[in-house]
Every structure is written in structure tokens, then in C-alpha cells.
Amino acid sequence: METAAGVEACLPIRSDMDLVWVRQHVRQAAAQLGFGLVDQTKLVTAASELARNTLVHGGGGRMEAAHVVRGRVNGLRLAFADDGPGIPDLDRALTDGYTSGDGLGMGLGGARRLVHEFAIDSAPGAGTTVTVTSWAVRPPHPREVV
Amino acid sequence: MTHGFPPPATGHVPVLRLGDVLLVTLQGDLHDSAAEQLQQDIGEAITRNRAAGVVIDLTGVEIVDSFLGRVLAEIAAKARLLAAETVVAGMRPAVAITMVELGLYLPGLRTALSTEDAMRLVGGGYADTVARPGGRRPGSP
């Protein structure tokens, strides 16, 4: 089992430069925990969407990354938190095509499809925290040729 | 945590002219402001060079999120209004898989598997003079 060194971190999200660091950290952490290339790409893309939401809609915040374990499977849990205005209508915010900014409206709903677990905690005036978890599911060990 | 990593590439992206085609190679992690600057640069370069095509090489790009997807779609739309065709080349399979799950289909965007194919698609006669015969895809076994 890998150690969590290099995975656990709390990164600020204050500028578009910080989005670059968030993506790099998630990429490295996912690779270290044994995520395959496609799963790494999905998780980094989801992190990029969520970090941009934190920056644009939440007025900045932070991402906390944690190594989680279920049985023998490694997972990466990412929590994006801001102290912004919160989301008044969660169902609508999760709908594809709904946008309050100038994006394509894919941010939240799209990010949810790219991860295994997705939770959102928000109330008007109380900020928003989006927590996602993905698991590094390895393909079964190849059988030895007799 | 992030000590010791090289600083991410943030500078502006060069727009090269090959015949009447503009070639833009995106590398690594693109800064949002660099992506927006690139839109302007391409528009100006099309007009200045009377370019007929724009080829955007994504071989070195690890993710396309909705922001970069929107930038690519807008570059293509603006180039179209300036009478130039845009082709996006060399997207990695993992990127394509992720974009579709994200809901980012970008139906208006023309694509090619390699930059050479893209150069041929936009009609730059230039590609034929440099392309190796046989048209073998780079990276194929």
C-alpha cells in the first residue's frame, strides 16, 4: 500500500495560476495512488472544473486533497471549499447547460460524471463545499500462462 | 508540497506561419489568460497573413476542460468569420474520452489525428512538400 506522502495537501485557489497548481497536484497524487491514465485525466479535468467554480463563483477558496482507503483500493478525495455567496438552487446548478457565468454550463454536472462519488454542501450566504472521491480500480491481475 | 516542481508553462503561445496556414502548438498546462491571449493573437495573425487555415496541435495537452473547450470552439468560430478553417490535431484518446463524459462534444470543431493530416485538410499545399510519403500515422505500430 502506498503512503499518503505527496498526496495530502491544502492548496489555495486565488488566481488562474493556482488552477495550474491544483491540476498538477491532482495529476501527481492520482498517478502516485495507481490511477490509470484515463482515470487520471478524468479526475484532473473534474478538479479543474471545480477549482474554477471555487474561483469564479465562490470568489476564491481552497482545495484539500486526502488519501482514502477502502479495503485494498486506494482513493483520492478532493474537497473544494469557498466562503462565497453559496448556491441558492442546487438542482438547477447541477443541470447541464445551466450557467450563471460565461462558461458552457458543464462545470458541476460534468464534473459529477467524471468522478465516482460527488457531494455538495451549500447554502445561500454560507459558502460552498464540493467533495469528490475517485477510486483507483486496478484491472484484475492477468492469469499466468501455463 | 509544490516545492521543487518546475514552474508551469504560462507564457504566451507562439503562432507560426507555414505557407498560408497558421500552426499553434499547445504544450502542457495552459494558463487561462494565455488561452485568452491566444484567441486574440490568432485573429490578428489570420488577418495579417491572409491565412486560409489554422491548425491547433493538442499532442502535448493533458486535459481539455470546459474553459479550454470553449476557447477552442471560439477560435474556430472567429477564424471561420475571417475566412479561415480551423483543425484541431493530435488529441489524446484519454482527453477525448473525458471530454465526451464531461458533455463537451464541440460538434463544430474539425479534427485530425496528426498535424500532417490537419495541414492537408486545411488545404495548405505546404504539407505535401514536407510530409513523408506513405502517410503513416505517427505513433502507430
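Nothing here was measured: the structure is a model prediction, and the numbers come from that model.

## Considerations on the overall build of chain A
Link 1 in the chain: The secondary structure content of chain A amounts to four helices and five strands.
Link 2 in the chain: Helices and strands in chain A line up, N terminus first, as β-α-α-β-β-α-α-β-β.
Link 3 in the chain: Residues counted as buried form 47% of the 146 residues belonging to chain A.
Link 4 in the chain: Considering only contacts within chain A whose residues lie at least 6 apart along the sequence, 62% involve residues at least 24 apart.
Link 5 in the chain: A total of about 7200 Å² of accessible surface is found on chain A, and carbon and sulfur atoms cover 53% of it.

## Some points on the pairing of strand S4 (residues 117-122) of chain A
Residues and elements named next belong to chain A.
Link 1 in the chain: Both S4 and strand S5 (residues 128-135) contribute to a ladder of six bridges, which runs antiparallel. Note on S5: the bridge partner recorded for Ile120 is Val130.
Link 2 in the chain: Turn length for the S4-S5 hairpin, with the two strands adjacent in sequence and antiparallel, is five residues, and the turn residue Gly125 shows positive phi of about 85°.

## Remarks on the sheet that holds S4(A)
Residue and element names in this part refer to chain A.
Link 1 in the chain: Taken together, the five strands give an open sheet; going across it, the order is S1-S2-S3-S5-S4, and neighbouring strands pair in antiparallel fashion. Of all the strands in the sheet, the pair left with one neighbour each is strand S1 (9-13) and S4. Neighbour-to-neighbour, the strand axes of this sheet turn through a mean angle of 15°, independent of strand direction.
Link 2 in the chain: Pairing analysis gives eight bridges linking strand S3 (residues 73-82) to S5, with the strands arranged antiparallel. Bridged to Leu78 within S5 is Val132.
Link 3 in the chain: On top of the sheet, helix H1 (residues 16-32) reaches S1, strand S2 (61-70) and S3; it is set at about 155° to S1, its chief contact.
Link 4 in the chain: This element, helix H2 (residues 37-56), spans S1, S2, S3, S4 and S5 of the sheet and lies at about 15° to S3.

## So, the nonpolar core
Link 1 in the chain: The biggest cluster of nonpolar side chains holds 65 residues, and the ones touching the most others in it are A:Leu76, A:Leu78 and A:Phe80.
Link 2 in the chain: Considering every element that reaches this core, the biggest residue donor is helix H2 (residues 66-81) of chain B, with seven residues.
Link 3 in the chain: Setting aside residues no more than four positions away along its own chain, A:Leu76 makes contact with A:Val7, A:Val26, A:Ala29, A:Ala30, A:Leu33, A:Phe35, A:Leu43, A:Ala66, A:Val68, A:Val132, A:Thr133 and A:Ser134.
Link 4 in the chain: Residues B:Leu23, B:Ala89, B:Ala112 and B:Met119 belong to the second largest nonpolar core, which totals nine residues.

## Some remarks on the sheet that holds strand S3 (residues 53-60) of chain B
Residues and elements named next belong to chain B.
Link 1 in the chain: Reading across from one edge, S1-S2-S3-S4-S5 is the order of the five strands in this open sheet, with mixed pairing throughout. Each edge of the sheet is formed by a strand with only one pairing partner; in this case those strands are strand S1 (15-18) and strand S5 (110-112). For this sheet, the mean angle separating the axes of adjacent strands, direction not counted, is 30°.
Link 2 in the chain: Of the strand pairs in this sheet, S3 and strand S4 (residues 85-89) are connected by five bridges, and their pairing is parallel. In the sheet register, Asp57 faces S4, and the bridge partner there is Ala89.
Link 3 in the chain: Against the sheet, helix H1 (residues 32-49) engages S1, strand S2 (21-27) and S3, with an angle of about 160° to S2.

Scoring rules and cut-offs
Residues numbered from 1 in each chain as written. Chains lettered and ligands numbered in written order. Predicted model: local features only at pLDDT ≥ 70, side-chain atom pairs only at ≥ 80, totals over all residues. Heavy atoms only, no water. Helix = DSSP H or I, 4+ residues; strand = E, 2+ residues; numbered from the N terminus. Buried < 20%, exposed > 50% of the residue type's maximum accessible area, 1.4 Å probe, protein only. Contact = heavy atoms within 4.5 Å. Areas by Shrake-Rupley, 256 points an atom, 1.4 Å probe, with all protein chains shown as cover. Pairing = 2+ DSSP bridges. Axes fitted to C-alpha atoms, helices over the stretch in contact; angles between N-to-C directions. Core = buried A, V, L, I, M, F, W, Y, C linked by side-chain atoms within 4.5 Å.

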